[in-house]
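Listed here are the chains, written in short residue letters.
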Amino acid sequence: MTSWLNRIYCEDALQGFARIPDASIDLLVADPPYGLGKDYGNNSDKLDTDAYLHWMEQWIDAALPKLKACGSLYVFLTWRYSPEIFVLLKKRMTMINEIIWDRRVPSMGGSTRKFSSVHDTIGFFVKAKDYYFDLDAVRIPYDAETKKARSRSIFVGAKWLEIGYNPKDVWSVSRLHREHRERADHPTQKPLEIVERMIKASCPPGGIVLDPFMGSGTTAVAAKRCGRHFVGFELNADYCELIENRLAELEKPAAA
Ligand SMILES: C[S@@+](CC[C@H](N)C(=O)[O-])C[C@H]1O[C@@H](n2cnc3c(N)ncnc32)[C@H](O)[C@@H]1O
């Protein structure tokens, strides 16, 4: 087994990429700082616009050679910088989807001079036309009511009714509330449901997922739960410990 596999390195991704051989990664899931001033116990989200865009370009250029020819990238962004980053990525890759993650934020007052922003913008990019993609692994089953409503003879035996539907490009998944059982001590932790969908669709079983900005380790946990390998980086030592704890939890037998 390769020594860097299934490891989280507590270091700057820009240095860490050198550990990983070129063309060895099936899927890159990147959830970088958004450039919005969030507190990750470091200054990584406190760059001004020019410095932020320069840094984004730097890590993208260091990360992309690590992808296999059939590999894919999902990058979490917000509306604020997704236009600039999409332009940058479209010069290097093929854009497949813009996915909107609707965080299902409840209405509670909020902004009065603009519409409240309640979504993340996720870019899905590939290196080549023959990229790996397993739609069947992420189809959403129709509920019994819908199936019943389509019981007319023209629908009977319809394959799509049996195998479920394409999740489409608007993913409505609740953000993790404080009391959510998945919730760890990280300000921008992503739900497993979102990352597991990316992994099942875009990384073959037994393949390798790279996440340069692990945060609370959602990608590592998701990869392990899905039978894929992972590798990643995280600057904050407390988050690195959190990731190890989350991974260790997976080893424990499930409560009856
Ligand atoms: C948006 S959060 C990732 C959240 C993660 N997806 C999760 O579900 O928990 C970004 C993370 O990147 C880390 N980070 C920022 N700059 C970094 C760098 N240069 N190298 C490695 N990690 C970095 C931050 O400390 C922060 O925890």
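Residues numbered from 1 in each chain as written. Predicted model: local features only at pLDDT ≥ 70, side-chain atom pairs only at ≥ 80, totals over all residues.

- If you look the protein up in an unreviewed UniProt entry, it shows as Methyltransferase from Noviherbaspirillum autotrophicum.
- Looking at the Sequence similarities (unreviewed entry) heading of the UniProt record, one finds this comment for the protein: "Belongs to the N(4)/N(6)-methyltransferase family." (UniProt positions renumbered as here; feature names shortened; annotations may be inferred.)

Concerning the overall build of the protein
- When helices and strands are counted, the protein shows eight helices and eight strands.
- Relative to the compact-globule value of 18 Å for 256 residues, the protein shows a C-alpha radius of gyration of 19 Å, a close match.
- Projected onto its principal axes, the C-alpha coordinates of the protein cover approximately 60 × 55 × 45 Å.
- By the burial criterion, 32% of the 256 residues in the protein qualify as buried.
- When contacts within the protein are restricted to residue pairs at least 6 apart in sequence, those whose partners lie at least 24 apart make up 71%. (Helix = DSSP H or I, 4+ residues; strand = E, 2+ residues; numbered from the N terminus. Rg over C-alpha atoms; globule rule 2.2 N^0.38 Å. Buried ≥ 20, exposed ≤ 12 C-beta atoms within 10 Å, placed from the backbone. Contact = placed C-beta atoms within 7 Å.)

Notes on the site of the ligand
- In the neighbourhood of the ligand, 21 residues make up the surrounding shell, with Ser-44, Phe-213, Gly-215, Ser-216 and Thr-218 lying closest.
- Of the residues assigned to the shell around the ligand, the class counts are eight nonpolar, nine polar and four charged. (Near = placed C-beta within 6 Å. Nonpolar A, V, L, I, M, F, W, Y, C, P; charged D, E, K, R; others polar.)

Points about helix H2 (residues 49-63)
- With 15 residues, H2 should cover 21 Å at 1.5 Å per step; its first-to-last C-alpha distance of 21 Å lies within 8% of that length.
- Taken together, the buried positions of H2 are occupied by Tyr-52, Met-56, Ile-60 and Ala-63. An end-on view of H2 places all buried positions within 70° of arc, on one side of the element. Every exposed residue of H2 that faces more than 90 degrees away from the buried side is listed here: Asp-50, Ala-51, His-54, Gln-58 and Asp-61. (Expected span 1.5 Å × (residues − 1). Arc of directions from axis to C-beta.)

Some thoughts on the nonpolar core
- Residues Leu-28, Val-29, Leu-73, Val-75, Ile-199 and Val-209 are the most contacted members of the largest nonpolar core, which totals 49 residues.
- It is strand S3 (residues 67-77) that contributes the most residues to this core, six residues altogether.
- Val-209 has contacts with Asp-26, Leu-27, Val-29, Ile-199, Cys-203, Thr-219, Ala-223, Arg-228 and Phe-230, leaving out every residue within four places of it along the chain. (Core = buried A, V, L, I, M, F, W, Y, C linked by C-beta atoms within 7 Å.)

Some points on the sheet that holds strand S4 (residues 94-102)
- Judged by pairing direction, the sheet is mixed, and its eight strands sit side by side in the order S1-S8-S7-S2-S3-S5-S4-S6 without closing on themselves. Since the sheet does not close on itself, it has two edges, and those belong to strand S1 (7-9) and strand S6 (170-172), each with one partner. Strand-to-strand twist of the sheet, defined as the mean angle between neighbouring strand axes without regard to direction, takes the value 20°.
- Alignment of strand S7 (residues 208-211) against strand S8 (residues 229-233), held across four bridges, turns out to be parallel. When the sheet's bridge partners are listed, Leu-210 is paired in S8 with Val-231. (Pairing = 2+ DSSP bridges. Axes fitted to C-alpha atoms, helices over the stretch in contact; angles between N-to-C directions.)

So, the packing of helix H6 (residues 192-202) against helix H7 (residues 218-225)
- Orientation of H6 relative to H7, taken along the N-to-C sense of each, is 55°, at an axis distance of 9 Å. Viewed along their axes, H6 and H7 adopt a mutual orientation that is oblique. Pair H6 / H7 crosses with right-handed handedness. Listed contacts from H7 to Leu-192, Val-195, Glu-196 and Ile-199 of H6 are Thr-218, Thr-219, Val-221, Ala-222, Ala-223 and Arg-225.
- A breakdown of the residues in the contact of H6 with H7 according to their chemical character gives six nonpolar, two polar and two charged. (Parallel < 35°, antiparallel > 145°, perpendicular 65-115°, else oblique. Left-handed = near helix turned anticlockwise from the far one by under 90°.)

A look at the environment of Arg-228
- Position of Arg-228 among the secondary structure elements: in the loop between H7 and S8.
- Taking the C-alpha atoms as reference, Arg-228 lies 23 Å from Asn-97; in sequence the two are 131 residues apart.

Points about the packing of H2 against helix H3 (residues 82-90)
- Remark: H2 packs on H3, axes separated minimally by 11 Å, with the N-to-C direction vectors making an angle of 30°. H2 and H3 meet at a crossing whose hand is right-handed. Residues Leu-53, Met-56, Glu-57 and Ile-60 of H2 form the contact with H3, whose own contacting residues are Glu-84, Ile-85, Leu-88 and Leu-89.
- Tallied by class, residues from the contact of H2 with H3 come to six nonpolar, no polar and two charged.

A word on unusual backbone geometry
- For Ala-23, which is not glycine, the phi torsion reads 55° and is therefore positive.
- Inspection of the secondary structure puts Ala-23 in the loop between helix H1 (13-16) and strand S2 (25-30).
- Located in the positive-phi region is Arg-104, a residue other than glycine, with phi close to 50°.
- Within the secondary structure layout, Arg-104 lies in the loop between S4 and strand S5 (119-126).
- Overall, the presence of 11 C-beta atoms within 10 Å leaves Arg-104 in the exposed class.

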